[in-house]
Amino acid sequence: AVSAANADGTISAEERQAIAQQAKSANVDRLVEQELARPRPLDEIVSGVSDNGQRAALYTLAFGILRADEQPSGAERIYLAKLAHLLGLAPATVQHLEQNAGQRIDAR
């Protein structure tokens, strides 16, 4: 979540507050605060993820964060492409994940 929110190079106060709130409700606020203070490189975050379900979930989470309020920007699209590559997701899979997530977001 922190990595995706920082895809455009900045984490806004609103993004930071939303992440902190969700982290607190999941009892991972200390871990998230550490990540906010010193973000890790994307390849380090996804290293070792080998389960296809986890790969899809990570991509969907990142896309959902970036798409929640508007379409992803150019920098955010580059981030998503890098994430898909690092996760080994095929373009058709990425398209499917984005369509499903987008429909759920738009239904709100």
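Remember, predicted model here, so these are calculated numbers, not experimental data.

Chemist: Explanation requested: the side chain of R67 in the structure shown.
Modeler: Tracing the chain through its elements places R67 in helix α5 (residues 52-67). Those residues in contact with R67, other than ones at most four positions away along the chain, are P72, G102, I105 and D106.

Chemist: Please clarify how the confidence of the model for the chain should be interpreted in this entry.
Modeler: Interpreting fine coordinate detail is not advised for predicted regions of low pLDDT. Per-chain confidence: the chain averages 90 in pLDDT, with 100% of residues scoring 70 or above. Of all secondary-structure elements in the chain, the lowest mean pLDDT belongs to helix α2 (residues 13-25), at 86, while helix α6 (residues 74-87) reaches the highest, 95.

Chemist: So what exactly am I meant to see when it comes to the pattern of salt bridges here?
Modeler: Once their charged atoms are close, side chains differing in charge can pair, the charge on each being opposite to the other. This model, assessed by the stated rule, comprises 4 salt bridges. The salt bridge involving R40 is made with E35; its shortest N-O contact spans 3.0 Å. Note on R40: relative accessible area 37%, which makes it partly exposed. Measuring nitrogen to oxygen at the nearest pair gives 3.9 Å for the salt bridge that ties R40 to E44. Via salt bridges that share partners, E35, R40 and E44 belong to a single interconnected network.

Rules and cut-offs
- Residues numbered from 1 in each chain as written.
- Predicted model: local features only at pLDDT ≥ 70, side-chain atom pairs only at ≥ 80, totals over all residues.
- Heavy atoms only, no water.
- Helix = DSSP H or I, 4+ residues; strand = E, 2+ residues; numbered from the N terminus.
- Contact = heavy atoms within 4.5 Å.
- pLDDT = per-residue confidence, 0-100.
- Salt bridge = Lys/Arg side-chain N within 4 Å of Asp/Glu carboxyl O.
- Buried < 20%, exposed > 50% of the residue type's maximum accessible area, 1.4 Å probe, protein only.

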